[in-house]
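Next come the chains, spelled out residue by residue.
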Amino acid sequence: MKRIALFTALTLTAATTAQADMQLSFKGWGNIPSCTTGRPNTVGNPAFTLKGIPTGTTQVQIRLKDLNVPGYNHGGGKVKMTADGTIPEGTFKYKSPCPPSGSHTYEWTATAKKGSKTLAKAKASKKYP
């Protein structure tokens with residue numbers, strides 16, 4: 001019984017460490033048209049950098065969420081990871097940030113996957129405009 005508890009604790013610690021180690025960053029929104037009408041454009045993604053990608057990652061899913069209107073689906077993409085952890089601008093299409101009034105905070109979530117198994121997640125957010 002003690003062995004099972006110890007194994008479970010070690011497994012949970014390893015999973016938490018992997019998720020805490022992966023980091024996502026992006027400098028700006030890329031080359032997208034200005035949008036403040038509430039009617040987003042379909043555009044190419046900004047450039048991303050991922051650090052601490054878990055060993056065995058075969059793809060990364062990237063999704064955008066408007067934290068002020070979390071129910072709106074901005075979409076995202078699935079990409080195979082490069083050794084240097086970069087995702088170039090324009091690799092996939094999504095619905096651009098486009099708040100109808102004022103500024104909203106948008107959050108990208110990167111999910112490292114091996115097949116259907118989630119290995120780690122990382123988030124990065126910025127205001128727009």
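Computed from a predicted model, the values in this text were never measured in an experiment. (Residues numbered from 1 in each chain as written. Predicted model: local features only at pLDDT ≥ 70, side-chain atom pairs only at ≥ 80, totals over all residues. Heavy atoms only, no water.)

**Q** Can you walk me through the state of the cysteines in this structure?
**A** Disulfide: a covalent bond connecting the sulfur atoms of a pair of cysteines. Evaluated as defined, the whole model comprises 1 disulfide. Disulfide pairing is shown between C35 and C98; the S-S distance is 1.9 Å. The S-S bond linking C35 to C98 shows a torsion near -65°; that makes this disulfide left-handed. Here C35 is found in the loop between β1 (23-25) and β2 (42-44), whereas its partner C98 is found in the loop between β7 (93-95) and β8 (104-114), with 63 residues between them in sequence. (Disulfide = S-S within 2.5 Å. Helix = DSSP H or I, 4+ residues; strand = E, 2+ residues; numbered from the N terminus.)

**Q** Help me understand the nonpolar core, please; the structure alone is not making it clear to me.
**A** A general feature of soluble globular proteins is that nonpolar side chains tend to end up buried together. Judged by nonpolar contacts, the single largest core of 27 residues is most densely connected at L24, W29, F48, L50, I62, Y94 and W108. Looking at this core, the elements with two or more residues in it are β3 (48-51), β4 (59-66), β8 and β9 (117-128). Sort the elements by how many residues they give to this core and β9 lands first, with 5 residues. Other than its neighbours up to four places away in sequence, L50 contacts M22, Q23, L24, V60, M81, D84, G85, I87 and A110. (Core = buried A, V, L, I, M, F, W, Y, C linked by side-chain atoms within 4.5 Å. Buried < 20%, exposed > 50% of the residue type's maximum accessible area, 1.4 Å probe, protein only. Contact = heavy atoms within 4.5 Å.)

**Q** Could you clarify how one ought to interpret the environment of S103 in this entry?
**A** Inspection of the secondary structure assignment puts S103 in the loop between β7 and β8. Using a relative accessible area of 35% as the deciding quantity, one classes S103 as partly exposed. Sequence separation of S103 and Y128 is 25 residues, and the distance between their C-alpha atoms is 5.4 Å. When neighbours within four sequence positions are excluded, S103 is seen to be in contact with K127, Y128 and P129. Within the local environment of S103, its side chain forms a polar contact with the backbone oxygen of Y128, the two atoms lying 3.3 Å apart. (Polar contact = N/O pair within 3.5 Å; in protein donor to acceptor, adjacent residues only side chain to side chain.)

**Q** Could you clarify how one ought to interpret the packing of aromatic side chains in this entry?
**A** For any pair of aromatic rings, the description consists of the separation of the ring centres together with the inter-plane angle of the planes. According to the stated counting rule, one finds 10 aromatic pairs in the structure shown. Look at W29 and Y106: their rings are 5.9 Å apart centre to centre, the planes differ by 85°, and that puts the pair in the edge-to-face class. Note that W29 is positioned in the loop between β1 and β2 and Y106 in strand β8, a separation of 77 residues in sequence. Residue W29 shares its accessibility class with Y106, and that shared class is buried. When the centroid spacing of 4.9 Å and the interplanar angle of 80° are considered together, the rings of F48 and W108 count as edge-to-face. In this pair, F48 sits in strand β3 while W108 sits in strand β8, placing the two residues 60 residues apart along the sequence. Ring pairing ties together the aromatic residues F26, W29, F48, F92, Y94, Y106, W108 and Y128, which thus form one cluster. The ring of F26 is capped by K126, whose NZ or CZ atom sits 5.0 Å from the centre of that ring. (Phe/Tyr/Trp six-rings, centres within 6.5 Å; stacked < 30°, edge-to-face > 60°. Lys NZ or Arg CZ within 6 Å of the ring centre and 35° of its normal.)

Scope: geometric values only; no functional claims are made or implied.
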